[in-house]
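# A closer look at the structure
What follows is the residue order along each chain.
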Amino acid sequence: MTIDATDRKILAALQADATLSLADLGKQVGLSATPCWRRVQRLEQEGYVRRRVALLDRAKLNVDVTVFVAVRTSKHSAEWLEEFRRVVADIPEVVDLYRLSGEIDYLLRVVIPDIKAYDAFYRKLIERIELQDVSSMFAMEEMKSTTEVPLSYVKTQSS
């Protein structure tokens, strides 16, 4: 499916506030509620909108420490990778997991309340799967964090 400029406006508005009413969303993009709803449904069905979520305040929830955990492994089999994915998926402190090229094999973003909680996380991780090296970097300041993806690269058809 090709999306047009109106679809892109809908995506931008939903990224900023997924709780918008259809009437408000329609006003922002220049559509009445029914055609706007049809477009939103189509964007969801086509997978452009994977899900709608609430962004929580990590500080109020006592998980305001961010740690980037760089993992190296000497095992590179499909079986090990699936086991690693399963192990990491079962640890709620891990909010992002990336497989990388280069010196580091995997990068995890972990949110925790403090060093003691990080130590518990670390122990849980290393007891569940064999790793060659684990290096942790504590974020001193969150300078930018967003869930909004840039939409300027979306190829659109003329409206």
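Residues numbered from 1 in each chain as written. Predicted model: local features only at pLDDT ≥ 70, side-chain atom pairs only at ≥ 80, totals over all residues. Heavy atoms only, no water.

Across its full length, the chain carries five helices and six strands. Taken from the N to the C terminus, the helices and strands of the chain come in the order β-α-α-α-β-α-β-β-α-β-β. Radius of gyration (C-alpha) of the chain: 20 Å, far over the 15 Å computed for a compact globule of 159 residues. C-alpha extents for the chain along the principal axes are approximately 55 × 40 × 25 Å. A total of 159 residues make up the chain; the buried ones form 26% of that total. Expressed as a percentage of contacts within the chain between residues at least 6 apart in sequence, the contacts between residues at least 24 apart total 69%. In the form shown here, the chain has an accessible surface area of approximately 11000 Å², with 49% of it arising from carbon and sulfur atoms. Distance between charge centres in the chain, computed from 23 positive and 24 negative side chains, equals 6 Å. (Helix = DSSP H or I, 4+ residues; strand = E, 2+ residues; numbered from the N terminus. Rg over C-alpha atoms; globule rule 2.2 N^0.38 Å. Buried < 20%, exposed > 50% of the residue type's maximum accessible area, 1.4 Å probe, protein only. Contact = heavy atoms within 4.5 Å. Areas by Shrake-Rupley, 256 points an atom, 1.4 Å probe, with all protein chains shown as cover. Lys, Arg positive; Asp, Glu negative; His and termini not counted. Charge placed at Lys NZ, Arg CZ, Asp CG, Glu CD.)

Quick look at helix 2 (residues 22–29) now. Among the residues making up helix 2, those that are buried are Leu25, Gly26 and Val29. End-on view of helix 2: buried residues confined to an arc of 100 degrees, all on one side of the axis. Those residues of helix 2 that are exposed and angled more than 90 degrees off the buried face are Lys27 and Gln28. Of the surrounding elements, those touching the buried residues of helix 2 are helix 1 (5–16) and helix 3 (33–45). Looking one or two residues past helix 2, Gly30 carries a phi angle of roughly 80 degrees, positive in sign. (Arc of directions from axis to C-beta.)

Attention shifts here to the UniProt feature "domain: HTH asnC-type" (unreviewed entry) in the chain. The sites that UniProt annotates as "domain: HTH asnC-type" (unreviewed entry) are residues 3–64. Across residues 3–64, the secondary structure splits into 53% helix and 3% strand, with the terminal C-alpha atoms separated by 37 Å. (UniProt positions renumbered as here; feature names shortened; annotations may be inferred.)

Tracing the backbone through its elements, the reader meets Thr156 in strand 6 (residues 156–157). Beyond its immediate stretch of four places on either side in the chain, Thr156 contacts Thr2, Ile3, Asp4, Ala5 and Arg8.

So, about the pattern of salt bridges. Within this structure, the stated rule accounts for 13 salt bridges. A salt bridge links Arg39 to Asp4, with the nearest nitrogen and oxygen atoms 2.8 Å apart. Taken together, the residues Arg39 in helix 3 and Asp4 in strand 1 (residues 3–4) connect sequence positions 35 residues apart. As far as burial versus exposure is concerned, Arg39 and Asp4 are alike and both buried. (Salt bridge = Lys/Arg side-chain N within 4 Å of Asp/Glu carboxyl O.)

Contact pair helix 2 / helix 3: the axes reach a minimum separation of 9 Å and the direction vectors enclose 90 degrees. In terms of orientation, helix 2 and helix 3 fall into the roughly perpendicular class. For the pair formed by helix 2 and helix 3, the contact residues are Leu22, Leu25, Gly26 and Val29 on the first element and Ala33, Cys36, Trp37 and Val40 on the second. Of the residues assigned to the contact of helix 2 with helix 3, the class counts are seven nonpolar, one polar and no charged. (Axes fitted to C-alpha atoms, helices over the stretch in contact; angles between N-to-C directions. Parallel < 35°, antiparallel > 145°, perpendicular 65-115°, else oblique. Nonpolar A, V, L, I, M, F, W, Y, C, P; charged D, E, K, R; others polar.)

Residue Asp4 is classed as buried on the basis of its relative accessible area of 7%. At 3.1 Å, the side chain of Asp4 forms a polar contact with the backbone nitrogen of Thr6. (Polar contact = N/O pair within 3.5 Å; in protein donor to acceptor, adjacent residues only side chain to side chain.)

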